Amino acid sequence: MAQIVGGLTSSHIPAVGNAVAKELFDDPYWKPFFDGYPPVRNWLAEVKPDIAVVIYNDHGLNFFLDKQPTFAIGAAPEYRNQDEGWGIPTIAPFKGAPAFSWHIIESVIADEFDLVTCQEMAVDHGFCVPMQLFWPTYEDLGIRTIPVCINTVQHPFPSPKRCYKLGQAIGRAIESYPEDLKVVIVGTGGMSHQLDGQRAGFINKKFDELCMDKIVDDPAYFLDMSINGLVREAGAQGVEFILWLTMRGALTGTVKELYRNYHIPISNTGAGMLCLENQA
Amino acid sequence: MTDKQPIPGTTLFDGAEAMKGYALNKMCYSFNSRENRDAFQADEEAYMAKYGLNEQQKQAVRDKIVLDMIAAGGNIYYLAKLAGIYALSVQDVGAQQTGMTLDNFKEMLVRQGA
């Protein structure tokens, strides 16, 4: 049976894509951010997950407002990165795991989460940046991916509780897959930031730290928060924390924090990273 | 939804905004393609007319004022693609919206980490 070995979180700021392309790993601005990742890469090299289920939000590459699904999942053999319009270099495609995707779709829809299914899906920085950070050599490693896209573009967004429950359904789906595969769940985005309005530049360190603490042992803390409440605490785009909660929902076992990193600011954002081990 | 208290300096992009801003956001979405970015830059007025922007949206784009674009229904994720054409970063956009200099805005970001 497939086994969920752990959960990762990472901010997915576009500027990181540029910094990776320019190899600014030791640049004084970037170093405190990039230094968080090597221990996690070592852990991944040891554990060797076969599949990454990546919970992310599309920022206007694959989806437009003509059709804006609340929850969508990829079921494609390959996911391509494409021009997003502002100059991040396009990176190599990611391998899919379509049979596993369809198993998740069958299971999660039976579980009353009616996902939009995508046999073609372009993936933007929301998906690509964390993949690049955790698996810089993803092309050679051949890690296979399943993107799960959650709407954070157009309100109403799904609530923290709904996202957590979707994560639980995804977790049950993965653990009922008959092949012996190791799966890691990646929750992307966050932490606090706001790009738009007179409140642009808002960052809330205290709330970010609370999120990083509570999501490990007490994710229920967030489940009765409203989306508005989350926007107030984390900023209009910091609401991406619902993607972290989706990841956390999928970790059904005993969860132990292995590594964390937090740094302000990267671009306009409080940048956070976690590596959680999930023991059956 | 019990929590509908407004958040200062924040426009939640909901159904009403999405309807209002559809043409502007659709134009900005088209900027994912290099060819479309070039066409816009070659003739901004013709390109805006082609996407059916209303006068408020056109004027906001002509003036390059992000708050006006948001007031006209613009969504920041799509507007970012327009800002990219002018090589504006999210710090430039933040500074403009808050009325700060770029240096002051960046300093404000750093200060929040202290």
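Quick caveat: nothing in here was measured; it's all calculated off a predicted structure.

Engineer: I keep staring at the overall build of chain A and nothing clicks. Help me out?
Structural biologist: Each helix and strand counted, chain A has 10 helices and 11 strands in total. For 280 residues, the compact-globule estimate of 2.2 N^0.38 gives 19 Å, and chain A sits close to it at 17 Å. Overall, chain A is about 50 × 40 × 40 Å in size when its C-alpha atoms are taken along their principal axes. Per-residue burial over chain A gives 57% buried out of 280 residues. Considering only contacts within chain A whose residues lie at least 6 apart along the sequence, 84% involve residues at least 24 apart.

Engineer: Mind showing me how you'd approach the overall build of chain B here?
Structural biologist: Per the secondary structure count, chain B includes 9 helices and 0 strands. Along chain B, helices and strands appear, N-terminal first, in the series α-α-α-α-α-α-α-α-α. By the burial criterion, 38% of the 114 residues in chain B qualify as buried.

Engineer: Sorry if this is basic, but what is going on with the environment of K182 of chain A here?
Structural biologist: Residue and element names in this part refer to chain A. By secondary structure assignment, the location of K182 is in strand 9 (residues 182-188). Look at K182 and you get partly exposed, because 14 C-beta atoms sit within 10 Å. Apart from residues lying up to four places away in sequence, K182 is in contact with Q3, V5, V47, K48, P49 and D50.

Engineer: Sorry, what's going on with the packing of helix 2 (residues 22-30) of chain B against helix 7 (residues 76-85) of chain B here?
Structural biologist: Describing two packed helices takes the angle between their axes plus the distance from one axis to the other. All names here are of chain B. Close contact between helix 2 and helix 7 brings their axes to 8 Å; oriented N to C, the two are set at 50 degrees. The angle between helix 2 and helix 7 falls in the class oblique. Crossing of helix 2 over helix 7 shows left-handed handedness. Facing N25, C28 and Y29 of helix 2, the residues of helix 7 in contact are Y78, L79, K81 and L82. Along the lines of polarity and charge, the residues of the contact of helix 2 with helix 7 split into 5 nonpolar, 1 polar and 1 charged.

Engineer: How do you make sense of the environment of D224 of chain A when you look at a structure like this?
Structural biologist: Counting through the fold element by element, D224 of chain A comes out in the loop between helix 8 (205-217) and helix 9 (227-234). Between the alpha carbons of D224 of chain A and K161 of chain A there is a distance of 6.6 Å; along the sequence they are 63 residues apart.

Engineer: Would you explain the confidence of the model for chain B in this entry?
Structural biologist: Low pLDDT marks regions whose predicted coordinates should not be analysed in detail. Chain-level statistics for chain B give a pLDDT mean of 96 and a share of 98% at 70 or above. In the model output, the complex is listed with pTM 0.97 alongside ipTM 0.95.

Engineer: Before we go on, may I ask you to explain helix 4 (residues 98-110) of chain A in this structure?
Structural biologist: An α-helical turn contains 3.6 residues, so a residue and the one three or four places further along point in the same direction. Residues and elements named next belong to chain A. With 13 residues, helix 4 ought to run about 18 Å at 1.5 Å a step, and its terminal C-alpha atoms sit 18 Å apart, in line with that. Among the residues of helix 4, F100, S101, H103, I104 and V108 are the ones counted as buried. Along the long axis of helix 4, the arc covered by the buried residues comes to 160 degrees, so they all point the same way. Relative to its buried face, helix 4 has exposed residues pointing more than 90 degrees away, namely A99, E106 and A110. Lining the buried residues of helix 4 we find strand 2 (51-56), strand 3 (71-74), strand 5 (94-96), strand 8 (144-150) and helix 7 (160-175). One or two positions beyond helix 4, positive phi appears at E112, with a value near 80 degrees.

Engineer: Any chance you could explain the nonpolar core here in plain terms?
Structural biologist: Generally speaking, nonpolar side chains in soluble globular proteins are found buried as a group. Core analysis: the biggest nonpolar cluster contains 111 residues, and V53, I170 and I185 of chain A have the highest contact counts within it. Listed in part, the 6 residues of the second largest apolar core include F202 and I264 of chain A together with A95 and L109 of chain B.

Engineer: Please clarify how the interface of chain B and chain A should be interpreted in this entry.
Structural biologist: Accessible area lost upon the coming together of the parts is a frequently used measure of interface size. With 43 residues of chain B in contact, the opposing surface of chain A contributes 33 residues. Class assignment for the residues of the side of chain B that touches chain A results in 20 nonpolar, 16 polar and 7 charged.

Engineer: I'm lost on the packing of helix 1 (residues 14-21) of chain A against helix 5 (residues 125-134) of chain A in this one. Help?
Structural biologist: Residue and element names in this part refer to chain A. At a minimum axis distance of 9 Å, the contact between helix 1 and helix 5 shows a crossing angle of 45 degrees. Taken together, the axes of helix 1 and helix 5 lie oblique to each other. Along this stretch, helix 1 crosses helix 5, giving a crossing that reads as left-handed. The residues of helix 5 that touch helix 1, namely those facing P14, V16, G17 and V20, are H125, C128, V129 and Q132. Residue composition of the contact of helix 1 with helix 5, by class: 5 nonpolar, 3 polar and no charged.

Criteria and thresholds
- Residues numbered from 1 in each chain as written.
- Chains lettered and ligands numbered in written order.
- Predicted model: local features only at pLDDT ≥ 70, side-chain atom pairs only at ≥ 80, totals over all residues.
- Helix = DSSP H or I, 4+ residues; strand = E, 2+ residues; numbered from the N terminus.
- Rg over C-alpha atoms; globule rule 2.2 N^0.38 Å.
- Buried ≥ 20, exposed ≤ 12 C-beta atoms within 10 Å, placed from the backbone.
- Contact = placed C-beta atoms within 7 Å.
- Axes fitted to C-alpha atoms, helices over the stretch in contact; angles between N-to-C directions.
- Parallel < 35°, antiparallel > 145°, perpendicular 65-115°, else oblique.
- Left-handed = near helix turned anticlockwise from the far one by under 90°.
- Nonpolar A, V, L, I, M, F, W, Y, C, P; charged D, E, K, R; others polar.
- pLDDT = per-residue confidence, 0-100.
- Expected span 1.5 Å × (residues − 1).
- Arc of directions from axis to C-beta.
- Core = buried A, V, L, I, M, F, W, Y, C linked by C-beta atoms within 7 Å.

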